[in-house]
Amino acid sequence: MLSRSAEGLYWLGRYLERAQHLSRLLRIQTEALVDRPVTEIHFGWLRLYGCLNRQPPVGSLELLAQDDYSLADSYTLADDLTFEPTNPDSVWSGVAAARENARHVRHCLSAEMWTCLNRSYLRIQGLTIQDIWASSPERFYAETVAEIDTFAGVTAATMYRDEGWRFLNLGRSIERVQLSSALLDAQIAAANVTQDVSEAAWTSLLRLYHALEAYDRTFSLQVEPRQVLDLLATDARLPDSLSRSLDMLSAELAATAPSPSQQAAGAAQRLIGRMSALVNFAWLDRDDPRSLLQRLNAHGRELHDLVTETYFQYPVHDAPVR
Amino acid sequence: MDLDNYELDADVYDEMFQANGSPRAHYQGVHRALTDTSAADLADIQDQVTGSFSSEGISFKVYGDEEGDERIIPVDCLPRVLSGGEWRELEAGLTQRLMALNLFLADVYGAARIVEDGVIPVDVVRGCPQYRIEMRGFQAPHGVWVAICGTDLVRTNEGFKVLEDNLRVPSGVAYMLANRKAVKASFRRLYRSSRVQDIEHYGRVLLTTLQELAPEGTSDPAIAVLTPGVYNSAFYEHMFLAREIGAELVEGRDLLVDDGVVYMRTTAGLRRVDVVYRRVDDDFLDPVVFREDSLLGIPGIMHAYKQGNVTLANAPGTGVADDKSVYAYVPDMIRYYLAEKPIIANVETYLCRNPDGLEYTLDNLQNLVVKRVGESGGYGMLIGPHASPAERAAYAEQVRANPADFISQPVLALSRAPCLIDGRIEPRHVDLRPFVLSGLETRIVPGAFCRVALRRGSLVVNSSQGGGGKDLWVLEN
């Protein structure tokens, strides 16, 4: 497959995963606005901005500490994370970037995939924060999440399992590892700076990963932060756990057709091996989970660079001819 | 819906109605359907058609337009209908014309007999900026310089005429197919009962044509569609065609030439390319040969082409044959190369490079359309009767300064077809662009991109200037 097309699909996967992840977080956060105490709402915003490694609009988080402002400023923050076009991490930017990549590689997608994605894009194009805030912002985020799930389903049902499929999934899995490692790190960081973190802050994390029932079954109804982290990192049965995302990543890379350089492909596989070892073995040693998550994230960036150099932008002078 | 107020004009050919006000035989099905369908239902159909364009993202770009970088092309839901007999005549005429044009190209880059024999003045050919000196002595595979041609046809009370031959990178075929898909889905019963000829095999025909033109000895040629990129106005079409024919969609940066062979960069290494269906202009093909400042081009691709290692469709240099001055000589070419009478007429054309033509043009400016030889897309032209005296005077100055850059033609009363405008059925001026493919034989799918000037009274059908599209139905008999 043409390198540039593969790269477009890879980024399509990454951007959609990003937009969905943020929508899931915002859905839980806007639900919390209805009935949760201010400290918890404050925690939620710290976690959100922490995992994006982004500064909130000036002053908004300080004001939030006062009850009167919590709703008013949540509006500013939600707008910043949802519709702000200059914020490259906003939901709008993610969907727009995914759609722009899809437009470049539309001939590699099934017609159904394009229609599905283009409709989501047209819907979000026509909305502003006022439109969604008036009634139920959490419904907007739930719909966005569902649309991206639908895209994944349509993709699974209609896309030819060629290399394009591999690179689309490769992008999704890498992004998922990056998002999860950043989010768990941000969760611990936010928990460290917030006084009286309630159990709800950890329950919401479980809900985000569709893991509440699994947690109850595996552990107990008592929510223990350490056990929550263990489950989200190491349980390979959980769709978005770190362990499972890494397994998928490894499988996608192994299934990708021969690369121009066997050496580079081997380096990528070894790197994934190191990442899996961090999650599956080092994690159990229970040393500092934040430094471990940060190492994982740094490896993820290296892996991205390796994939790019190996498949998309390799030097042509010594490349093999097929 | 009521058609009593549908306006007829004796000077303008109406596609649906005869001069006496009764519908033409091949339009009776559509006429009846329009009469029987309520205004509300027609509005629904129009919404469906427009909606399907929007959700499919069928867009184009207008150059120099800062806002809204993608626009959905306006589409009118009412089909234009041609009878099978009308089409057969057009088909014969288009085939004849493209054969002559391909012979002309082989000739002007070869022995130039047509110039030697005094049929076309030498300066019309050599003075044309689209004449590529680099192509002299080149022999295109199977004599096919133009593999894909989009001919603009108009109809007046005198019959069909060729307005323009587009022999470089003609576009619009994706709209032909998209219009059909959308309109067919909305007029289901009418479509079935009308017995319309299929056009959906266009992709297969294009693929066959490109395969036939592959370099000698390639058994399973690798084909790539070369696009300037996503910012090009016709990107949707490039993508669409790559998908239809199962080709890679490449940009210049995806290709490289090594030792006279063209390769594309794939995830598994470099892969040889045998046929390039190029949708970039000559100027941007190869910075070594054409424009040095081009960032889009592939250095060395012309060398590979001349060695016969890759086929470019269309060949570089074909612009000399669709130049607005050379156009005037196409009927002579048909007589010269084929010893046949032209089947489809040209529009009467006055070349300002000739003293007679210049004088006539300047004396009759208020009745003429004056066009710049190098421009296309409806840019840079003067429509005499619609211009103010001051505009005409200013334009005349430009013509006098560089007469060779201008040609003039009478203002044509383009035929009109029924369109749905603000909930009413009104006539609007239309043209059509069928696509003629030339490989080992000439093939035309029975359809065309039909363009319509949606503004009342306007004669300009270009999508960059308020034009839209509509489906064209060619009936079986």
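Residues numbered from 1 in each chain as written. Chains lettered and ligands numbered in written order. Predicted model: local features only at pLDDT ≥ 70, side-chain atom pairs only at ≥ 80, totals over all residues. Heavy atoms only, no water.

Trainee: Give a detailed account of the overall build of chain A, specifying residues and quantitative values.
Mentor: Secondary structure assignment for chain A yields 15 helices and zero strands. Expected size for 322 residues packed as a compact globule is a radius of gyration near 20 Å; at 20 Å, chain A falls within 12% of this value. Summarising its shape, the C-alpha atoms of chain A cover approximately 65 × 50 × 35 Å along the three principal directions. Considering only contacts in chain A between residues 6 or more positions apart, those separated by 24 or more positions represent 70%. Put simply, chain A shows about 13,600 Å² of open surface, and 52% of that area lies on carbon and sulfur atoms. (Helix = DSSP H or I, 4+ residues; strand = E, 2+ residues; numbered from the N terminus. Rg over C-alpha atoms; globule rule 2.2 N^0.38 Å. Contact = heavy atoms within 4.5 Å. Areas by Shrake-Rupley, 256 points an atom, 1.4 Å probe, with all protein chains shown as cover.)

Trainee: Pulling in residues and values, what's your account of the packing of aromatic side chains?
Mentor: Counting across every chain of the model gives 20 aromatic pairs over all chains. Ring plane angle 70° and centroid distance 5.1 Å describe the contact between phenylalanine 140 of chain A and tyrosine 141 of chain A, whose orientation is recorded as edge-to-face. Here phenylalanine 140 of chain A matches tyrosine 141 of chain A in class, with each residue buried. Taken together, the ring pairs connect Tyr10, Trp11, Tyr15, Phe167, Tyr311 and Phe312 of chain A into an aromatic cluster. Note that arginine 161 of chain A overlies the ring of tryptophan 165 of chain A, its terminal NZ or CZ placed 3.7 Å from the centroid. One cation-aromatic arrangement involves arginine 265 of chain B over tyrosine 314 of chain A; the distance from NZ or CZ to the ring centre is 5.0 Å. (Phe/Tyr/Trp six-rings, centres within 6.5 Å; stacked < 30°, edge-to-face > 60°. Buried < 20%, exposed > 50% of the residue type's maximum accessible area, 1.4 Å probe, protein only. Lys NZ or Arg CZ within 6 Å of the ring centre and 35° of its normal.)

Trainee: Help me get a handle on the layout of surface pockets, residues and values and all.
Mentor: Residues and elements named next belong to chain A. Of the pockets and cavities examined, the second largest pocket occupies roughly 780 Å³. Of all the secondary structure elements, the ones that give two or more residues to the lining of the second largest pocket are helix 1 (3-35), helix 2 (38-52), helix 9 (163-193) and helix 15 (289-312). Grouping the constituent residues of the lining of the second largest pocket by class yields 16 nonpolar, ten polar and nine charged. (1 Å grid on protein atoms, 1.4 Å probe; cavity = no way out; pocket = protein on both sides within 12 Å on 5 of 7 lines; lining within 4 Å. Points joined across faces, edges and corners; volume = space filled by probe spheres on them. Nonpolar A, V, L, I, M, F, W, Y, C, P; charged D, E, K, R; others polar.)

Trainee: Just give me the short version of the confidence of the model for chain A, but keep the residues and values in it.
Mentor: On average, chain A scores 90 in pLDDT, and the residues at 70 or more come to 95%. Mean pLDDT across the elements of chain A ranges from a minimum in helix 3 (residues 60-64) of chain A, with 61, to a maximum in helix 8 (residues 137-158) of chain A, with 97. (pLDDT = per-residue confidence, 0-100.)

Trainee: Tell me about the packing of helix 2 (residues 39-56) of chain B against helix 6 (residues 173-186) of chain B, and name the residues and values.
Mentor: Each packed pair of helices is defined by two parameters, the angle between the axes and the distance between the axes. Residue and element names in this part refer to chain B. Helix 6 packs onto helix 2 with a crossing angle of 140° between their chain directions and a minimal axis gap of 9 Å. Looking at the two axes, helix 2 sits oblique to helix 6. In terms of crossing hand, the pair formed by helix 2 and helix 6 is right-handed. Across the interface between the two elements, Ile45, Gln48, Val49, Ser52, Phe53 and Glu56 from helix 2 touch Ala178, Asn179, Lys181, Ala182, Val183 and Ser186 from helix 6. Of the residues assigned to the contact of helix 2 with helix 6, the class counts are six nonpolar, four polar and two charged. (Axes fitted to C-alpha atoms, helices over the stretch in contact; angles between N-to-C directions. Parallel < 35°, antiparallel > 145°, perpendicular 65-115°, else oblique. Left-handed = near helix turned anticlockwise from the far one by under 90°.)

Trainee: Can you explain the interface of chain B and chain A? Please cite residues and give values.
Mentor: On the side of chain A, 34 residues touch chain B, which itself brings 31 residues to the contact. Of the roughly 2,700 Å² buried at the junction of chain B and chain A (both faces included), carbon and sulfur atoms supply 48%. It is Arg265, Thr267 and Leu270 of chain B in chain B that bury the most area against chain A; as a group they hold 28% of the surface buried on that side. On the surface where chain B and chain A come into contact, there are 13 residue pairs in polar contact (both at pLDDT 80 or more). For the side of chain B that touches chain A, the elements supplying multiple residues, two or more each, are helix 2, helix 9 (235-245), strand 7 (248-250), strand 9 (261-266) and strand 10 (269-272) of chain B. The greatest single-element share of the side of chain B that touches chain A, amounting to five residues, is contributed by helix 9 of chain B. (Buried area = accessible area lost by both parts, 1.4 Å probe. Polar contact = N/O pair within 3.5 Å; in protein donor to acceptor, adjacent residues only side chain to side chain.)

Trainee: How would you explain the pairing of strand 5 (residues 159-166) of chain B if you had to name every residue and give the values?
Mentor: Residues and elements named next belong to chain B. With respect to burial, strand 5 is a largely interior element, seven of its eight residues being buried. Relative to strand 13 (residues 345-346), strand 5 runs parallel, the two sharing two bridges. Paired with lysine 161 across the strands is alanine 345, a residue of strand 13. (Pairing = 2+ DSSP bridges.)

Trainee: Which residues make up the pairing of strand 20 (residues 435-438) of chain B, and what values do they have?
Mentor: Residue and element names in this part refer to chain B. Judged by which residues are buried, strand 20 turns out to be covered on both faces: Phe435 and Leu437 on one side and Val436 and Ser438 on the other are all buried. Summarising the sheet, strand 4 (residues 148-156) and strand 20 pair through three bridges and their orientation is antiparallel. Looking at strand 20, one finds that cysteine 149 is bridged to valine 436. Connecting strand 20 to the next strand, strand 21 (residues 442-444), in antiparallel fashion are three residues.

Trainee: Give me the sheet that holds strand 12 (residues 311-313) of chain B: which residues, what numbers.
Mentor: Residue and element names in this part refer to chain B. One open sheet accounts for four strands, arranged 7-6-11-12; its pairing is parallel. What marks the edges here is a single partner per strand, and that holds for strand 7 and strand 12. Each adjacent strand pair in this sheet contributes to an overall mean axis angle of 25°, direction not counted. Examined bridge by bridge, strand 11 (residues 275-278) and strand 12 share three bridges and lie parallel to one another. When the bridges of strand 12 are listed, valine 276 appears paired with leucine 312.

Trainee: An account of the domain arrangement of chain B is needed here, citing residue identities and associated values.
Mentor: Per the domain assignment, the segments making up chain B are domain 1 (216-309) and domain 2 (350-410). Computed over C-alpha atoms only, the centres of domain 1 of chain B and domain 2 of chain B are separated by 38 Å. (Domains from an automatic or database assignment.)

Trainee: Requested: an account of the pattern of salt bridges, with residues and values cited.
Mentor: Under the counting rule described, the total for this entry stands at 48 salt bridges over all chains. Salt-bridge contacts for arginine 176 of chain A lead to glutamate 17 of chain A; the nearest nitrogen and oxygen are separated by 2.8 Å. One end of the pair, arginine 176 of chain A, is in helix 9; the other, glutamate 17 of chain A, is in helix 1, and 159 residues separate them in sequence. Owing to a relative accessible area of 4%, glutamate 17 of chain A belongs among the buried residues under this scheme. Between glutamate 15 of chain B and arginine 80 of chain B there is a salt bridge; the shortest N-O distance is 2.9 Å. You can see glutamate 15 of chain B sitting in the segment before helix 1 (28-36) and its partner arginine 80 of chain B sitting in strand 3 (residues 75-82), a full 65 residues away along the chain. A single burial state applies to glutamate 15 of chain B and to arginine 80 of chain B, both of which are buried. (Salt bridge = Lys/Arg side-chain N within 4 Å of Asp/Glu carboxyl O.)

Trainee: Lay out the sheet that holds strand 15 (residues 368-372) of chain B with the relevant residues and their values.
Mentor: Residue and element names in this part refer to chain B. One open sheet accounts for four strands, arranged 14-17-15-16; its pairing is antiparallel. Since the sheet does not close on itself, it has two edges, and those belong to strand 14 (350-351) and strand 16 (382-383), each with one partner. With two bridges joining them, strand 14 and strand 17 (residues 406-410) adopt antiparallel strand pairing. Each residue of the ladder has a partner; that of tyrosine 350, found in strand 17, is serine 408. Docked against the sheet, helix 13 (residues 389-401) engages strand 15, strand 16 and strand 17, running at close to 45° with respect to strand 15.

Trainee: Run through helix 10 (residues 199-208) of chain A, naming residues and quoting values.
Mentor: All names here are of chain A. Of all ten residues making up helix 10, seven are buried, and the element is well covered by its neighbours. All buried positions along helix 10 are accounted for by Ala200, Ala201, Trp202, Ser204, Leu205, Leu206 and Leu208. Residues of helix 10 that are buried sit in contact with helix 1, helix 2, helix 9, helix 11 (212-218) and helix 12 (225-234). Phi turns positive one or two residues past the end of helix 10, at histidine 210, with a value near 55°.

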